[in-house]
Amino acid sequence: MDNYWWCAILFRIILPLIVVIAVSIRPTVTSYVYLLVGCYMPFFSVPTSHSLAHSTGTYMKILIITCTLTSCFMLSFYFVLYFPTEPEFDLKPCSPLESALRTMGVVEFEGLDFSSALPWCLSEPLMLLTSVVLFFIFKKLCQDTTVSRMTKDLYELAQAKEEHRKNILSMLMNFGKYFVVLLCCVTGVLKATVFGAIYYFVFLFVMTYWACNQTLGRFFARVLVSLTPIIFLNMTIMFWYQFQYFYDSKVVTADSVWGRLFNLIAIKTYKDCKDPRIFQFHAQTKSVYAIPICLFFLYVLSVLVSREILQAKDGLFNLIGALFRKSKPKAWRTAFSRLHQKYQADKLLGKDQDLMADKVKNVVEQALQFIIAVSYLVANFIMMIWAIVYVGWKTLILMTWANLVWLLPFRKQVILVTSPVVVAWVWFLLITSYLYSMDLTEKELPTRYSIFNLKSGK
């Protein structure tokens, strides 16, 4: 297990980054194939001597075969293009044949400068070389050391390292839960759309659920699994809109209501029909360029966290099966009971020494108890600051209620009793603020209903 973390870095960080680079430099059908195999990666475990001989090794072989077939496919098209059987064979810019080949990723390089030609010929060698090199690196790093060849000391050292690795992975998984929730919020607010509203609503719902003293367990994993198809659909729509067929389509344009609602953004498309081989980056805000990257890593982390919580085996169908499998709540309770009994026995034997872990646990518990004790004060301050920053009739209610609470001698009990109403009102503020941040006109989404202006006081 000495090389486990190197395999984890290569499989969980380097490989996804290579996929992102290969997909982003050239929006074509063949690049979309790389996106598909990249989206299938988080369903498999980090390469080890066992997993590389089974599911993860199968995935790496599928990746190599896919990259090889894609490269052969591209080479065959270029062979036909540069060695035609008919002398009159010619590709006119934006002709149906030229557009189809360019959508697949095949263009003529005659008269094309190096900077413009590089994106068209870089993805295949990059993905093929990366997949082959990583596979042999994993084979080298995951060489199995059998127990029969180990001495007793080496075996105990390996067991200690295995236990240490599990503790680190458990800590990373706990951190990953909250990072996924934060990434949902960031992805949702980068651009207000229908898809972004789903991510933003998931963020609000999960945080409210967690604040009600609930753990982010199997229910949270089910939410993430249900969210992953939506993320994949969002990535697909954004990627396919960069093709000429959809970018030039008059059925649904980026300026239409459906285009603005469903995030049809032109990021990197062909320049014009004078030389359609040249890509152009459209003038967008910097946050728009971050949306595809955030979507991909939100997808990857959602699958990884849900697999860890559900204890799913490798593969998509195993994750779906674990989604409907009943949990075993008595297992951890039994383990906790045994640990508690052991602690009581050690205490009776005089072995109740203050360990460093116990000290850290006590400090964390005292800090959390202090935060909970003063949470009503923090909530009051936030309500007042929100009302001052965003002036309007909606936030005036928060300001009035916060000042009224300060005048009451039993403010803590009042906030405790009225907290569900405050949470519901804050939800109303956040949702209306998000809806009126969408790129919609006054006719499409009216801001005034009777005497109330829903857009004021975000």
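Here, every reference points to the structure presented above.
Here's a quick rundown of the structure. Note that the structure is a prediction, hence the values are computed from the model and not measured. (Residues numbered from 1 in each chain as written. Predicted model: local features only at pLDDT ≥ 70, side-chain atom pairs only at ≥ 80, totals over all residues. Heavy atoms only, no water.)

This brings us to the packing of aromatic side chains. Aromatic rings in a pair are described by how distant their centres are and how their planes are angled relative to each other. Summed over all chains, the structure comprises 28 aromatic pairs. Measuring from centroid to centroid gives 5.5 Å for Y78 and F109, while their planes differ by 25°, and the two rings are stacked. Within this pair, whereas Y78 is found in helix α3 (residues 55-82), its partner F109 is found in the loop between α4 (96-104) and α5 (114-141), the two being separated by 31 residues in sequence. Note on F109: relative accessible area 26%, which makes it partly exposed. Within the aromatic cluster, the residues linked to one another by ring pairs are F11, Y40, F43, F44, Y59 and F138. The ring of F279 has K268 lying over it, and the distance from NZ or CZ to the ring centre is 5.1 Å. (Phe/Tyr/Trp six-rings, centres within 6.5 Å; stacked < 30°, edge-to-face > 60°. Helix = DSSP H or I, 4+ residues; strand = E, 2+ residues; numbered from the N terminus. Buried < 20%, exposed > 50% of the residue type's maximum accessible area, 1.4 Å probe, protein only. Lys NZ or Arg CZ within 6 Å of the ring centre and 35° of its normal.)

Our focus in this paragraph is the pattern of salt bridges. What the rule picks out here adds up to five salt bridges. Between R307 and D314 there is a salt bridge; the shortest N-O distance is 2.7 Å. Just as R307 is buried, D314 falls in that class too. (Salt bridge = Lys/Arg side-chain N within 4 Å of Asp/Glu carboxyl O.)

Where helix α7 (residues 194-211) meets helix α8 (residues 218-240), the axes come as close as 10 Å, and the angle between the chain directions of the two elements is 165°. One way to sum up the angle between α7 and α8 is to call them roughly antiparallel. Viewed along their axes, α7 and α8 form a crossing whose handedness is left-handed. On the side of α7, the interface is formed by F195, I198, Y199, V202, F205, V206 and Y209, while α8 contributes F219, F220, V223, L227, I230, I231, L233, N234 and I237. (Axes fitted to C-alpha atoms, helices over the stretch in contact; angles between N-to-C directions. Parallel < 35°, antiparallel > 145°, perpendicular 65-115°, else oblique. Left-handed = near helix turned anticlockwise from the far one by under 90°. Contact = heavy atoms within 4.5 Å.)

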